[in-house]
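Observations on chain architecture
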Amino acid sequence: MDYTPKYIKQLFTQNSPNSLMVLFGAALCSFFLAQFVGAVLAFVLLGFDQDLLKVLFEDPQSDPANRMILMAVQGANSVMMFIGTPLLYLKFYEKTKPFDAFKTFGGKSLVLMLVLTLFIVLLYMPLSAFIIQWNENIVFPEWMSGFAERAREMEDKVKELTMFLIQFESTTDFLIGLFVVAVLPGIGEELLFRGVLQNKLRSFTNNSHIAIWISAILFSAFHFQFFGFVPRMLLGALFGYLYIWSGTLWVPIFAHFCNNGITLLVFYLSKKEMVDIDQQAENANIWWALTSFWLVIGLLYYFKTQLIGGFGTKEKNSV
């Protein structure tokens, strides 16, 4: 059973399945436009030097100065695609007030939800680490070896680029990275995948679980990383349930921010030799994962029951 504020329903005036096609079309156009704008921005930041631009996209790791340029490009892409697209969709296609998607109950109840959310994210990390290891070590049958090889090559390139981006040289670099990698995706991706897509799917299927899991699958697929598909899908589903139960987009936004931000912080502290990432990786075993699973289940149950007990204004909905 879901309890959702009335304003979420009021965000959507177009109930035709075609509205999903419009949303996907807008996201696709925004994707290509964001790539173009990102390339132009990089060209400007590089002083209109074509050779440097070529190096930036072909071998960015060759120059540490490329790190902040790529951060700027990624930030611009996030704003255009994940924030701009859903807001414009709500404004001009649904003809509603787009910032209503960010409405919240406010007061102590929101603070309590955010505190619980932080503990849920922290306790989920050992389980997530175990699932990540399992997904990374999947062995495909021989007839899928071609796909597996291409997927692994893509995964390795993304991982290599990611590791380059998060090798922050200073606290300022870390804060910039935190904004680009945690704040902007937390707001934008949750607005698009939970605030718009999940709600649209729920209005068509009249089933919150179906809407949550389809949105989570698309959320993971969008990142084009097969060897990280399952843990990212489960994370998307977790964000979806937190949104459904809380009735405010700020809860999954905060969860998304915490997940990305804590990961960045660990890598930053590792670079400063204050934590040992290898030791943490060794701790990603089945017993830690099982303990994490049951603790998260318990906190989620507490979160949901306390929510129904009076976290805020609620409206009964389906499922």
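The structure displayed is predicted, hence computed values, not measured ones. Once a new chain begins, its residue numbering starts again from 1 and follows that chain's sequence as written. At least 70 in pLDDT is required for a residue's local features to be given in this predicted model, at least 80 for side-chain atom pairs to be given and counted, and no such filter applies to totals for whole chains, interfaces and linings, which use all residues. Only hydrogens and water are removed before side-chain values are computed, so all heavy atoms of the structure are retained for them.

Turning next to the overall build of the chain. Segments assigned H or I by DSSP are reported as helices when at least four residues long, segments assigned E as strands when at least two residues long, and all are numbered from the N terminus. On a plain count of helices and strands, the chain comes out with 12 helices and zero strands. Going residue by residue from the N terminus, the α and β elements of the chain occur as α-α-α-α-α-α-α-α-α-α-α-α. Burial here depends on accessible area, computed with a 1.4 Å probe over protein chains only, as a share of the maximum for the residue type. Under 20% is buried, over 50% is exposed, and the range in between is partly exposed. Put simply, the chain has 319 residues, and 44% of those count as buried. Residue-level accessible areas treat just the shown protein chains as cover; the underlying method is Shrake-Rupley with a 1.4 Å probe. Accessible surface computed for the chain: about 16,300 Å², of which carbon and sulfur atoms make up 68%.

With 28 residues, helix H4 (residues 66-93) extends 38 Å from end C-alpha to end C-alpha; this agrees with the ideal 40 Å at 1.5 Å per step. Think of it this way: the bend at a residue is just the angle between two axes, each fitted to seven residues, one set ending at that residue and the other starting at it. Where H4 bends most, at Gly84, the angle is about 40 degrees, and the proline Pro86 comes one to four residues later. Two residues or fewer past H4, Lys95 is found with a positive phi of approximately 55 degrees. For a helix, the expected span equals 1.5 Å multiplied by the residue count minus one.

A general tendency of soluble globular proteins is for nonpolar side chains to be buried together. Ile120, Tyr124, Leu238, Leu242, Leu300 and Phe303 are the most contacted members of the largest nonpolar core, which has 28 residues in total. When residues of this core are traced back to their parent elements, those giving at least two are helix H5 (107-136), helix H8 (208-222), helix H9 (229-246), helix H10 (250-271) and helix H12 (286-308). Of the residues forming this core, the biggest block, nine residues, is contributed by H9. Listed in part, the 26 residues of the second largest apolar core include Ile83, Leu184, Leu192 and Phe219. Grouping buried Ala, Val, Leu, Ile, Met, Phe, Trp, Tyr and Cys residues that are joined through side-chain atoms within 4.5 Å yields what is termed a nonpolar core.

Turning to its location among the elements, Asn135 is positioned in helix H5. From its side chain, Asn135 meets the backbone nitrogen of Val230 in a polar contact 2.8 Å long. Contact criterion: two residues are considered in contact whenever any of their non-hydrogen atoms come within 4.5 Å of each other. Contacts of Asn135, omitting those with residues within four sequence positions, involve Phe226, Phe227, Gly228, Phe229, Val230 and Pro231. We call two N or O atoms a polar contact when they sit within 3.5 Å, provided that within protein one can donate a hydrogen and the other can accept it, with sequence-adjacent residues counted only if both atoms are side-chain atoms.

Let us look at the pattern of salt bridges. A pair is scored as a salt bridge if a Lys or Arg side-chain nitrogen falls within 4 Å of a carboxyl oxygen belonging to Asp or Glu. Under the definition given, this model contains three salt bridges. Note that Glu94 and Lys200 form a salt bridge whose closest N and O atoms lie 3.0 Å from each other. In this pair, Glu94 is assigned in the loop between H4 and H5 and Lys200 in helix H7 (residues 171-205), connecting sequence segments 106 residues apart. Classification of Lys200 by relative accessible area gives buried; the value is 0%. Note that Glu136 and Lys159 form a salt bridge whose closest N and O atoms lie 3.3 Å from each other.

To continue, consider the environment of Asn207. Position of Asn207 among the secondary structure elements: in the loop between H7 and H8. Within the local environment of Asn207, its side chain forms a polar contact with the backbone nitrogen of Ile210, the two atoms lying 3.1 Å apart.

The axes of two packed helices give the description: the angle between them and the distance between them. Axes here mean lines fitted to C-alpha atoms, for a helix over just the part in contact, with angles spanning 0 to 180 degrees between N-to-C directions. Where H7 meets H9, the closest approach of the two axes is 11 Å, and the angle between their N-to-C directions is 70 degrees. Looking at the two axes, H7 sits roughly perpendicular to H9. Seen along the crossing, H7 lies across H9 with a hand that is right-handed. Contact with H7, carried on its side by Glu190, Arg194, Gly195, Gln198, Asn199 and Arg202, involves Gly236, Phe239, Gly240, Tyr243 and Ile244 of H9 and no other residues of that element. Polar here means any residue other than Ala, Val, Leu, Ile, Met, Phe, Trp, Tyr, Cys and Pro, which are nonpolar, and Asp, Glu, Lys and Arg, which are charged; Gly is therefore polar. Grouping the constituent residues of the contact of H7 with H9 by class yields three nonpolar, five polar and three charged. Just so you know how the angles are binned, under 35 degrees is roughly parallel, over 145 roughly antiparallel, 65 to 115 roughly perpendicular, and the rest oblique. Note: crossing handedness is left-handed where the near helix turns anticlockwise from the far helix by less than a right angle, and right-handed where it turns clockwise.

All right, on to the confidence of the model for the chain then. Confidence of the predictor at the level of single residues is captured by pLDDT, which takes values from 0 to 100. Of all residues in the chain, 89% attain a pLDDT of 70 or more, and the chain-wide mean is 85. Low confidence marks residues 309-319, where pLDDT is under 50. Its contacts with residues over four positions away, or in another chain, come to 37 contacts.

So, about the side chain of Glu190. Inspection of the secondary structure puts Glu190 in helix H7. The contacts of Glu190, once residues within four sequence positions are left out, are Pro185, Gly195, Phe239, Leu249, Pro252, Ile253 and His256.

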